[in-house]
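Analysis of the macromolecular model
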Amino acid sequence: KPLVSIGVNLGVPVTAGYKIAYGADLQIDIPFADKLFGTVSGGYENYSYKTVKVGTVTVPEGNTNFIPVLAGIKYFFSDKFYGHGEAGYTFSTTKNGGGSFTVAPSVGYYFCKNFDVSVKYINIGQTNSSKAYGGKSIGSGQLRLAYTF
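Given the structure is predicted, the values throughout are model-derived calculations rather than measurements.

**Brief notes about the environment of Tyr44**
For Tyr44, the position within the fold is in strand S3 (residues 36-49). Residue classification places Tyr44 among the partly exposed residues on the basis of a relative accessible area of 38%. Sequence separation of Tyr44 and Gly23 is 21 residues, and the distance between their C-alpha atoms is 5.3 Å. Not counting residues within four places of it along the chain, the set of residues in contact with Tyr44 comprises Tyr22, Gly23, Ala24, Asn65, Phe66 and Pro68. Here the side chain of Tyr44 touches Asn65 through a polar contact of 2.8 Å, side chain to side chain.

The following block contains the structure:
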């Protein structure tokens, strides 16, 4: 039977100029085989950025938001420890912000049937909104805490 989880995440951007990343997501895990699941997820990501100078223009401190839509494969190495790879498309919520290809590999651990924690790296390719802040792609290391229904 498919599993549904809701998660919150907090991260540290590795892209220069950004201060913090946080968000939430809804994920569905669909069993394919013993220990192997397909996943689909959608969420919301907020990236706060510092004041940056792009050419001769100074962009004031603020934030930019994204909606990632991802699909992936989750494999359990043991009853509680898993690896998870996702890829998909992320939409910028900024007017004319566009969107881009996104990848998000992670490893996680189930503390009990309903709670797990994972560490992931998410990389959102260059979007119109990230170009406006002087960046190419936006990446962050994140901690995700999730409740599975």
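**Some points on unusual backbone geometry**
A positive phi is found at Lys35, a non-glycine position, where the angle reads about 75°. Along the polypeptide, Lys35 turns up in the loop between strand S2 (18-33) and S3.

**Quick look at empty space enclosed by the protein**
Enumeration according to the criterion identifies one cavity of 30 Å³ or more in this entry. Looking at the largest cavity, its volume works out to about 150 Å³. Lining the largest cavity are 19 residues; nearest its centre among them are Asp25, Gln27, Glu86, Lys120 and Arg144. For the lining of the largest cavity, the elements supplying multiple residues, two or more each, are S2, S3, strand S6 (62-76), strand S7 (81-92) and strand S9 (115-124). Among the elements that line the lining of the largest cavity, the one with the most residues is S3, at five residues. Its residues placed into classes, the lining of the largest cavity shows six nonpolar, seven polar and six charged.

Reading the values: rules and limits
Residues numbered from 1 in each chain as written. Predicted model: local features only at pLDDT ≥ 70, side-chain atom pairs only at ≥ 80, totals over all residues. Heavy atoms only, no water. Helix = DSSP H or I, 4+ residues; strand = E, 2+ residues; numbered from the N terminus. Buried < 20%, exposed > 50% of the residue type's maximum accessible area, 1.4 Å probe, protein only. Contact = heavy atoms within 4.5 Å. Polar contact = N/O pair within 3.5 Å; in protein donor to acceptor, adjacent residues only side chain to side chain. 1 Å grid on protein atoms, 1.4 Å probe; cavity = no way out; pocket = protein on both sides within 12 Å on 5 of 7 lines; lining within 4 Å. Points joined across faces, edges and corners; volume = space filled by probe spheres on them. Nonpolar A, V, L, I, M, F, W, Y, C, P; charged D, E, K, R; others polar.

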